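# Remarks on the overall topology
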Amino acid sequence: GPGRTPLEWAARLRIAAVAARGLAYIHHSGRRGSGTPKLAHGNIKRTNILLDRFGVARLADCGLAQLTPAAAAARSAGYRAPEAPPPPRPWASHKGDVYALGVVLLELLTGRYPGSELPNGGVVVELPRWVQSVVREEWTSEVFDLELMKDKGIEEEMVAMLQLALSCAAAA
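Summarised in this report is the structure supplied together with it. In this text, all values refer to a predicted model and were calculated from it rather than measured experimentally. (Residues numbered from 1 in each chain as written. Predicted model: local features only at pLDDT ≥ 70, side-chain atom pairs only at ≥ 80, totals over all residues. Heavy atoms only, no water.)

### Description of the nonpolar core
Counting 34 residues, the largest nonpolar core has Val131 and Leu162 as its most contacted members. Those elements giving two or more residues to this core turn out to be helix H1 (9–29), helix H3 (94–110), helix H4 (127–136) and helix H6 (155–168). Counting residues per element, this core draws most heavily on H3, which supplies nine residues. Once residues lying within four places of it in the same chain are set aside, the contact partners of Val131 are Leu106, Thr110, Val143, Leu162 and Leu166. (Core = buried A, V, L, I, M, F, W, Y, C linked by side-chain atoms within 4.5 Å. Buried < 20%, exposed > 50% of the residue type's maximum accessible area, 1.4 Å probe, protein only. Helix = DSSP H or I, 4+ residues; strand = E, 2+ residues; numbered from the N terminus. Contact = heavy atoms within 4.5 Å.)

See below:
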């Protein structure tokens, strides 16, 4: 839409890689005596992946979701794993973080986000479910952001990221 800065495929890949590495670091940086990871981010979403002036992504807001008011939790509902209790209850888990990362990857691929409007006037509430329905109908190319269609030779990479994103956002 208006005011939106299009991102080329290489930039989207870098953002996805940094977000995944940041999440892996959070999950595995602190270990309890049993070797079990103890940290979960709890609020992975596109607005918590910040870009510096050089376009380098940074994962922000780690652990703060547990301290936020109910209204903030409700705004993040499109990134909450299906097994998460409904807002306003704070909730964080490794599995939930992976689900939310899958939603972010789908956003990078589709150019859509939970709550965005579709050309037919509908609204994408659950991005993973919408993508799965489009892919199930074998309209896979319809799911990708039109900005990406300008780049040639990236179809296999886009499909591979799509498969990864859907695996991350699969309901258990």
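### A few points about the pattern of salt bridges
Going through the model one piece at a time under the given rule, you end up with five salt bridges. Between Asp52 and Arg58 there is a salt bridge, with its nearest N and O atoms 3.6 Å apart. Here Glu126 ties to Arg129 by a salt bridge, and the two come within 3.2 Å at their closest N and O atoms. A relative accessible area of 38% places Glu126 in the partly exposed class. Classification of Arg129 as exposed rests on a relative accessible area of 54%. (Salt bridge = Lys/Arg side-chain N within 4 Å of Asp/Glu carboxyl O.)

### A few points about the side chain of Glu107
Inspection of the secondary structure puts Glu107 in helix H3. Setting aside chain neighbours within four positions, we find Glu107 in contact with Arg46, Tyr79, Arg112, Tyr113, Pro114 and Leu127.

### Quick word on the packing of H3 against H4
Where H3 meets H4, the closest approach of the two axes is 9 Å, and the angle between their N-to-C directions is 55°. The orientation of H3 with respect to H4, classified from their angle, is oblique. By crossing handedness, the relation of H3 to H4 is classed as left-handed. Where H3 abuts H4, its residues Tyr99, Val103, Leu106, Glu107 and Thr110 lie against Leu127, Pro128, Trp130 and Val131. In terms of residue class, the contact of H3 with H4 is built from seven nonpolar, one polar and one charged. (Axes fitted to C-alpha atoms, helices over the stretch in contact; angles between N-to-C directions. Parallel < 35°, antiparallel > 145°, perpendicular 65-115°, else oblique. Left-handed = near helix turned anticlockwise from the far one by under 90°. Nonpolar A, V, L, I, M, F, W, Y, C, P; charged D, E, K, R; others polar.)

By themselves, these are just geometric observations and shouldn't be taken as functional.
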